[in-house]
Amino acid sequence: MDFRNILLVIVSVISLILSFSIVRGKKNKANISFALFIAFISLWAFGLAFFRITPDANASLIFVKIYYIAAAAIPAFFLYFSFVFPVEKNLGRIKPFLIFLPLVVIAALFFIKYNFLVKNILIREWGKDVILQPFDYFLYSIYFLLF
């Protein structure tokens, strides 16, 4: 395992520990949303590390989906956290729905459409290369720009 993979695993473990320690404290919307934000950072680092470690392209596809879904969840939970911290506000039902609906759609597309976003994974002499679907990546990028 190379140095970058070790760092990704360390970041993942530390983030997961931080997330659990936040949840064990006072349970309010701000703490829970920040803990989920940190947990998805951990999941992203975990997915990226295991994508890099896994030698098989088919198994790597699972980890690619994990880290792309986790990456999509990070801005959604951070935005939600920004609405409820430092003072918990009543957001009603519409704001959380509008924040998390695009995330649910993106996550669902990964399961409904087999090759959503990722066209292929090529194994090269220097490592793996993820070939993306141009239109899907455009939509994925728009999602991030909106957040």
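Note: the structure precedes this text.
The following refers to the structure shown. (Residues numbered from 1 in each chain as written. Predicted model: local features only at pLDDT ≥ 70, side-chain atom pairs only at ≥ 80, totals over all residues. Heavy atoms only, no water.)

## Some thoughts on the overall build of the protein chain
Part 1 of the argument: The secondary structure content of the protein chain amounts to 5 helices and 2 strands.
Part 2 of the argument: Along its sequence from the N terminus, the protein chain presents helices and strands in the succession α-α-α-α-β-β-α.
Part 3 of the argument: By principal-axis analysis of the C-alpha atoms, the protein chain measures approximately 50 × 35 × 20 Å.
Part 4 of the argument: The proportion of buried residues among the 147 residues of the protein chain is 38%.
Part 5 of the argument: Within the protein chain, contacts between residues separated by at least 24 positions form 60% of all contacts whose residues are at least 6 apart in sequence. (Helix = DSSP H or I, 4+ residues; strand = E, 2+ residues; numbered from the N terminus. Buried < 20%, exposed > 50% of the residue type's maximum accessible area, 1.4 Å probe, protein only. Contact = heavy atoms within 4.5 Å.)

## Regarding the nonpolar core
Part 1 of the argument: Phe51, Val64, Tyr68, Leu103 and Val118 are the most contacted members of the largest nonpolar core, which totals 37 residues.
Part 2 of the argument: Of all the secondary-structure elements, those providing two or more residues to this core are α2 (29–53), α3 (57–84), α4 (94–112), β1 (118–124) and α5 (134–146).
Part 3 of the argument: A per-element tally of this core places α3 first, with 15 residues.
Part 4 of the argument: Excluding residues that lie within four positions of it along the chain, Leu103 makes contacts with Ile69, Ala72, Ala73, Ala76, Phe77 and Tyr143. (Core = buried A, V, L, I, M, F, W, Y, C linked by side-chain atoms within 4.5 Å.)

## Details of the pairing of strand β2 (residues 127–132)
Part 1 of the argument: In this structure, β1 lies alongside β2, joined through 6 bridges in antiparallel fashion. What sits directly across from Leu122, in β2, is Asp129.
Part 2 of the argument: The turn joining β1 and β2, which pair antiparallel and follow one another in sequence, is formed by 2 residues. (Pairing = 2+ DSSP bridges.)

## Focus on the packing of helix α1 (residues 3–24) against α2
Part 1 of the argument: Relative to each other, α1 and α2 sit at 160 degrees, their axes nearing to 8 Å. For the element pair α1 / α2, the angle class is roughly antiparallel. In this structure, α1 crosses over α2, and the sense of that crossing is left-handed.
Part 2 of the argument: For the contact of α1 with α2, the residue count by class is 17 nonpolar, 6 polar and 2 charged. (Axes fitted to C-alpha atoms, helices over the stretch in contact; angles between N-to-C directions. Parallel < 35°, antiparallel > 145°, perpendicular 65-115°, else oblique. Left-handed = near helix turned anticlockwise from the far one by under 90°. Nonpolar A, V, L, I, M, F, W, Y, C, P; charged D, E, K, R; others polar.)

## Digging into the packing of aromatic side chains
Part 1 of the argument: All told, the structure shown has 18 aromatic pairs when counted by the stated rule.
Part 2 of the argument: Of the aromatic side chains, those joined through ring pairs into one cluster are Phe51, Tyr67, Tyr68, Tyr140, Tyr143, Phe144 and Phe147.
Part 3 of the argument: The cationic tip of Lys128 hangs over the ring face of Phe51; the distance from NZ or CZ to the ring centre is 4.7 Å. (Phe/Tyr/Trp six-rings, centres within 6.5 Å; stacked < 30°, edge-to-face > 60°. Lys NZ or Arg CZ within 6 Å of the ring centre and 35° of its normal.)

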